[in-house]
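If you want the building blocks of each chain, they are given just below.
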Amino acid sequence: MTTATETHKETLGFQTEVKQLLQLMIHSLYSNKEIFLRELVSNAADAADKLRFEALTNPGLLEGDGSDLRVRISCDAQARTITIDDNGIGMSREEAIAHLGTIAKSGTADFLAHLSGDQKKDANLIGQFGVGFYSAFIVADRVDVYSRRAGLPASEGVHWSSAGQGDFEVATIDKPQRGTTIVLHLKEDEAGFADPWRLRGIVKKYSDHIALPVELPRQQATGADADKPAEPEWETVNRASALWTRPKSEIQDEEYREFYKHISHDFSDPLAWSHNKVEGKLEYTSLLYVPAHAPFDLYHRDAAKGLKLYVQRVYIMDQADQFLPLYLRFIKGVVDSSDLPLNVSREILQKGPVIDSMKSALTKRALDMLEKLAKDKPDQYATFWKEFGQVLKEGPSEDYANREKIAGLLRFASTKSGTDAQEVALADYVARMVQGQDKIYYLTGESYAQVKDSPHLEVFRKKGIEVLLLTDRIDEWLMQYLTEFDGKAFVDVARGDLDLGALESEEDKKAQEAAAKDKENLINRLKQALGEDVSEVRISHRLTDSPAILAIGEGDMGLQMRQLLEASGQKVPEAKPVFEFNPTHPLIERLDAETDEDRFGDLSRVLFDQAALAAGDSLKDPAGYVRRLNKLLLDLAR
Ligand code: ADP
Ligand code: MG
C-alpha cells in the first residue's frame, strides 16, 4: 500500500506487558509459526462481526464498500510481503494505539511477572494466554497496519507500524476504504510464507470454519506468470459458513477444535464439546466447550466469562454471562438464538423467561458433557478436575437444583486411594461401602499430610471403612450444601458423638457402656481439670491408638472454616470442643491412677493440647504446654 501523506506522526512505547509477551511469543512459537495467519483472519472475522452488529442500529456504516464482508490475503514473493485486507469495523487512531499497544486484560501483569524465565516452560503458558495480533511478529520483522474505522471520514485513517521491539509509530493517513489492511514484511528466513499455495493450505487448515469468506487471488495455470493483472480475480477458499449452523454429522473433530481456538483465544485443544440444536418452543443452537487449561485469571472477578452470543447468526456480544451459572464460568462457546431480539442488550439479558429456560437447559448440557467426559475419558476428566475442580465445588451452593448431578462430578482423596490426588468419585465410594454402612464419612483439614494420619480415622481404619479426605479451602463450605448423595447422608467424622450405627456390634456397644460406667470418676475429674475449655468430656469409641481427641460440636463451625474466617479478620463465634478419651489407652489408665491432683491437672492439660495439635489447631498457650510437658519428662527421668 502506498501512503501518500502522513501527518501527526508519533512514536510510542509498547506497554511493558506487550514487550514481555512479544519476547516470549517469538521464542516459543517457532515450531508452529503458521498460526499467525489464523490469528489475523480471526481478528478480521471479529471485525466483520462487530461491523454487522453496529450496522443494526447504524446502517450507514456499511456505506461505500457495501455489505459484502470478506478478508483478502495476497502475497508478493519478490517484496517478501503478505497482505491481509478486511472491510470490517476498522480502527481509529486511538483504537489502534490502545488495541495494538496495550493488553487490557486484568491480571496480565501479574501473570507475566510469575513466568519462570525458563522459555521452554513459559512457552506452554502462552497457549492459555492467547496469542492474537502480536503473533504477526513470529514471521515478520516489520508489520504495517493501515486502518480506518467505519463511520469516520477517509481523512481519518491510521498507519501503525512496528518492528515488534520496544515501540511503534502511528500517523494519520488518508484511507478511502473502511477496514484494516495489514502488511507483514517477512523475516528473511520466513520468505517461504509468501507463497499463494502455502497460504491457501494454511487457511484451509485453520480458518475453514470462519464464517467470513477468506479470499485469495485465483491461481493461474503454471507458466502464465508473464504479466500480473492489475486487480486479481478473488476466490473464496474457506467454507465460509458459521460452523455451528452446519449439521453435526458433517463437521470434523479438527474443525470443532479450530473453531474453539477462534472463539476462545486459547491456543490449545479443548477437552470436549457439545453441539446442540434446540427446536420447539424456544429455538437456539449452542456449541459448548470444556477447555484443557484454566486461564490464569480464572479467579479474577472481572475475568472474561460467558458465551459468545449471536441472534439469528448476527454477532451480538462476547461474554454473555447470563446463560451459565458462575460455577461453570470456565465453559466457552457460542449460543445463537432465534427468539431474542436483534437489539438485545445486557440489561434485557438480565431477566426474562427465555433467558431463564435457556440458562437451565445450557447448564444441564454442560453438566451432561462433563458426565460424558468422566465416563468415556477418565484420564481427560482427571485433567479437567485438576484445572477446574475447585470451581465446580462452588456448584452445590449456587445451583441447589443440580446438586446431585454436580456431586456425581466431584472427586476426592480418600483413605482408600492412598494418595493426595483427588480421584475418588462418590459413586465409587458408595459402591465400596462395607456391610451395614449407610453413611458417607469424611474428614476435613488443611492438607492431605495433616489429615491422613488423624486419630479421628482410627476406628475407620480398624473396621476397613473408607473416609474421604477433604483438604481444599472450599471443602468445609461445600459440605454445608452437600448433605446427601444417592440417599446417603454425609458425616463429618470429627464432629459430634460419632454414631456408627449398624457398623458397631452388640459387643462393642456393651463394652462401651461398661467402660463409661467404670470411668465415671475419671470423667468427673477431667471435667474439673479442663473446666472452661471443653463443652463435654466423654469416652471415645473412635480411637484405637491415640489417648484422646477433640470432637467438634454438632452445630459448631469446623476448624478449617474458623481458620479461614480468622485469617480474613472476621469474628468467629466461640465453640468449645468435646474431649473424648480412649479408656483402654495406657496413658489414660495412668491418668486414672494418678492421685496427685497437680500432676493429674498437668497430664490432662498435656493430653488436651496434644489432641488440639493432632487436629491441626494451634495452642492458646504453647509455652504452658512446653512447661508442663517438660515437668512430666523430668518426673519420668527421676
Ligand atoms: P483479541 O482478538 O483476543 O482481542 P488480538 O491481539 O488478536 O486480541 O487483537 C487485539 C485487538 O486489536 C482486537 O481486540 C481488536 O480490537 C483490534 N484488532 C485487531 N485486528 C483488527 C482488525 N483486523 N480490525 C479491527 N480491529 C482489530
Ligand atoms: Mg484475536
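In this text, all values refer to a predicted model and were calculated from it rather than measured experimentally.

## Concerning the sheet that holds strand S22 (residues 548-551)
At step 1: Strand order in the open sheet made by the three strands is S21-S23-S22, with mixed pairing throughout. Edge positions in the sheet fall to strand S21 (536-539) and S22, since each of these pairs with one other strand and no more. Ignoring strand direction, the axes of neighbouring strands in this sheet form an average angle of 25°.
At step 2: Pairing of S22 with strand S23 (residues 578-581), which is carried by four bridges, proceeds in the antiparallel orientation. Note on S23: the bridge partner recorded for leucine 550 is phenylalanine 579.

## Here's the deal with the packing of aromatic side chains
At step 1: The tally for this structure, following the rule as stated, stands at 22 aromatic pairs.
At step 2: A ring pair is formed by phenylalanine 14 and tryptophan 160, whose centres lie 6.3 Å apart and whose planes are at 55°; its orientation type is tilted. Of the two residues, phenylalanine 14 is situated in the loop between strand S1 (7-13) and helix H1 (16-28) and tryptophan 160 in strand S5 (residues 157-162); the sequence distance between them amounts to 146 residues. Across the pair, exposure class does not vary: phenylalanine 14 and tryptophan 160 are buried alike.
At step 3: Within the aromatic cluster, the residues linked to one another by ring pairs are Phe14, Phe133, Tyr134, Trp160 and Phe168.
At step 4: Over the ring of phenylalanine 193 we find arginine 198, and its NZ or CZ is 3.9 Å from the ring centre.
At step 5: For the cation-ring pair, arginine 525 lies above phenylalanine 600, with the distance from its terminal atom to the ring centre recorded as 4.0 Å.

## With respect to the domain arrangement of the protein
Reports often express the size of an interface as the amount of accessible area lost when the parts come together.
At step 1: According to the domain assignment, the protein contains domain 1 (6-239), domain 2 (244-377), domain 3 (382-386 + 393-503) and domain 4 (506-637).
At step 2: Averaged C-alpha coordinates put domain 2 and domain 3 at centres separated by 32 Å.
At step 3: With 17 residues of domain 2 at the interface, the matching set in domain 3 holds eleven residues.
At step 4: When domain 2 packs against domain 3, the two sides together hide about 1,100 Å² of surface, and 66% of this comes from carbon and sulfur.
At step 5: On the domain 2 side of the contact with domain 3, Tyr327, Leu367 and Glu371 bury the most area, a combined 43% of that side's loss.
At step 6: Summed over the shared surface of domain 2 and domain 3, the result is three salt bridges.
At step 7: A salt bridge links glutamate 371 to lysine 405; the nearest nitrogen and oxygen atoms lie 3.4 Å apart.
At step 8: Where domain 2 meets domain 3, there are six residue pairs in polar contact (both at pLDDT 80 or more).

## Concerning the packing of helix H22 (residues 597-614) against helix H23 (residues 622-637)
At step 1: Remark: H22 packs on H23, axes separated minimally by 9 Å, with the N-to-C direction vectors making an angle of 125°. As summarised for this structure, H22 and H23 are arranged oblique, according to the angle between their axes. Judged by the twist between their axes, the crossing of H22 over H23 is left-handed. Seen from H22, the contacting residues are Arg599, Asp602, Leu603, Arg605, Val606, Asp609, Gln610 and Leu613; seen from H23, they are Tyr625, Arg628, Leu629, Lys631, Leu632 and Asp635.

## Brief notes about the packing of helix H19 (residues 520-530) against helix H21 (residues 586-593)
At step 1: At a minimum axis distance of 10 Å, the contact between H19 and H21 shows a crossing angle of 80°. Taken together, the axes of H19 and H21 are roughly perpendicular relative to one another. Contact with H19, carried on its side by Leu522, Arg525 and Leu526, involves Ile588, Leu591 and Asp592 of H21 and no other residues of that element.
At step 2: Of the residues belonging to the contact of H19 with H21, the class tally is four nonpolar, no polar and two charged.

## Description of the site of ligand 1
At step 1: Taken together, the neighbourhood of ligand 1 is formed by Asn43, Ala47, Asp86, Gly90, Met91, His99, Leu100, Gly132, Phe133, Thr180 and His265.
At step 2: Within the contact set of ligand 1, a nitrogen atom lies 2.8 Å away from a side-chain nitrogen or oxygen of aspartate 86.
At step 3: A distance of 3.3 Å separates a nitrogen atom of ligand 1 from a polar side-chain atom of threonine 180.
At step 4: Protein chains bury 79% of the 540 Å² of accessible surface belonging to ligand 1 in isolation.
At step 5: A class-by-class count of the residues in the shell around ligand 1 yields four nonpolar, six polar and one charged.

## Let's talk about the pattern of salt bridges
At step 1: Inspection of the entire model under this criterion finds 49 salt bridges.
At step 2: The salt bridge involving arginine 93 is made with glutamate 10; its shortest N-O contact spans 2.9 Å. In this pair, arginine 93 sits in helix H3 (residues 93-99) while glutamate 10 sits in strand S1, placing the two residues 83 residues apart along the sequence.
At step 3: When its relative accessible area of 14% is taken as the criterion, arginine 93 is described as buried.

## What to know about the pairing of strand S13 (residues 314-320)
At step 1: Taking burial as the measure, the seven residues of S13 include five buried ones, the bulk of the element.
At step 2: Of the strand pairs in this sheet, strand S12 (residues 307-311) and S13 are connected by four bridges, and their pairing is antiparallel. Across the sheet, leucine 307 pairs through a bridge with alanine 320, a residue of S13.
At step 3: Connecting the antiparallel pair S12 and S13 is a turn made up of two residues, with glutamine 312 showing a positive phi of about 45°.

## Some details on the environment of lysine 386
At step 1: With respect to the element layout, lysine 386 can be found in helix H11 (residues 378-392).
At step 2: On the basis of relative accessible area, lysine 386 is assigned to the exposed category, the value being 72%.
At step 3: For lysine 386 and proline 622, which are 236 residues apart along the polypeptide, the C-alpha to C-alpha distance reads 37 Å.

## With respect to the nonpolar core
At step 1: With 78 residues, the main nonpolar core has Leu309, Phe323, Leu328, Phe330, Phe384, Leu392 and Tyr441 as its most contacted residues.
At step 2: Residue assignment places this core across two domains, with domain 2 (244-377) and domain 3 (382-386 + 393-503) each supplying three or more.
At step 3: When near neighbours in sequence (up to four residues on either side) are disregarded, leucine 392 contacts Tyr327, Leu328, Phe330, Leu370, Tyr381, Phe384, Trp385, Ile406 and Leu409.
At step 4: One finds Ile35, Ile103, Ala140 and Val214 within the second-largest nonpolar core, a separate group that totals 56 residues.

## Examining the sheet that holds strand S17 (residues 439-444)
At step 1: Pairing is mixed in the open sheet, where six strands are placed in the order S16-S15-S18-S17-S20-S19. Edge positions in the sheet fall to strand S16 (424-425) and strand S19 (484-485), since each has one partner strand and no second.
At step 2: The pairing of S17 with strand S18 (residues 468-470) spans three bridges and is classified as parallel. Each residue of the ladder has a partner; that of threonine 444, found in S18, is leucine 470.

Conventions we followed
- Residues numbered from 1 in each chain as written.
- Chains lettered and ligands numbered in written order.
- Predicted model: local features only at pLDDT ≥ 70, side-chain atom pairs only at ≥ 80, totals over all residues.
- Heavy atoms only, no water.
- Pairing = 2+ DSSP bridges.
- Helix = DSSP H or I, 4+ residues; strand = E, 2+ residues; numbered from the N terminus.
- Axes fitted to C-alpha atoms, helices over the stretch in contact; angles between N-to-C directions.
- Phe/Tyr/Trp six-rings, centres within 6.5 Å; stacked < 30°, edge-to-face > 60°.
- Buried < 20%, exposed > 50% of the residue type's maximum accessible area, 1.4 Å probe, protein only.
- Lys NZ or Arg CZ within 6 Å of the ring centre and 35° of its normal.
- Domains from an automatic or database assignment.
- Contact = heavy atoms within 4.5 Å.
- Buried area = accessible area lost by both parts, 1.4 Å probe.
- Salt bridge = Lys/Arg side-chain N within 4 Å of Asp/Glu carboxyl O.
- Polar contact = N/O pair within 3.5 Å; in protein donor to acceptor, adjacent residues only side chain to side chain.
- Parallel < 35°, antiparallel > 145°, perpendicular 65-115°, else oblique.
- Left-handed = near helix turned anticlockwise from the far one by under 90°.
- Nonpolar A, V, L, I, M, F, W, Y, C, P; charged D, E, K, R; others polar.
- Near = heavy atom within 4 Å.
- Areas by Shrake-Rupley, 256 points an atom, 1.4 Å probe, with all protein chains shown as cover.
- Core = buried A, V, L, I, M, F, W, Y, C linked by side-chain atoms within 4.5 Å.

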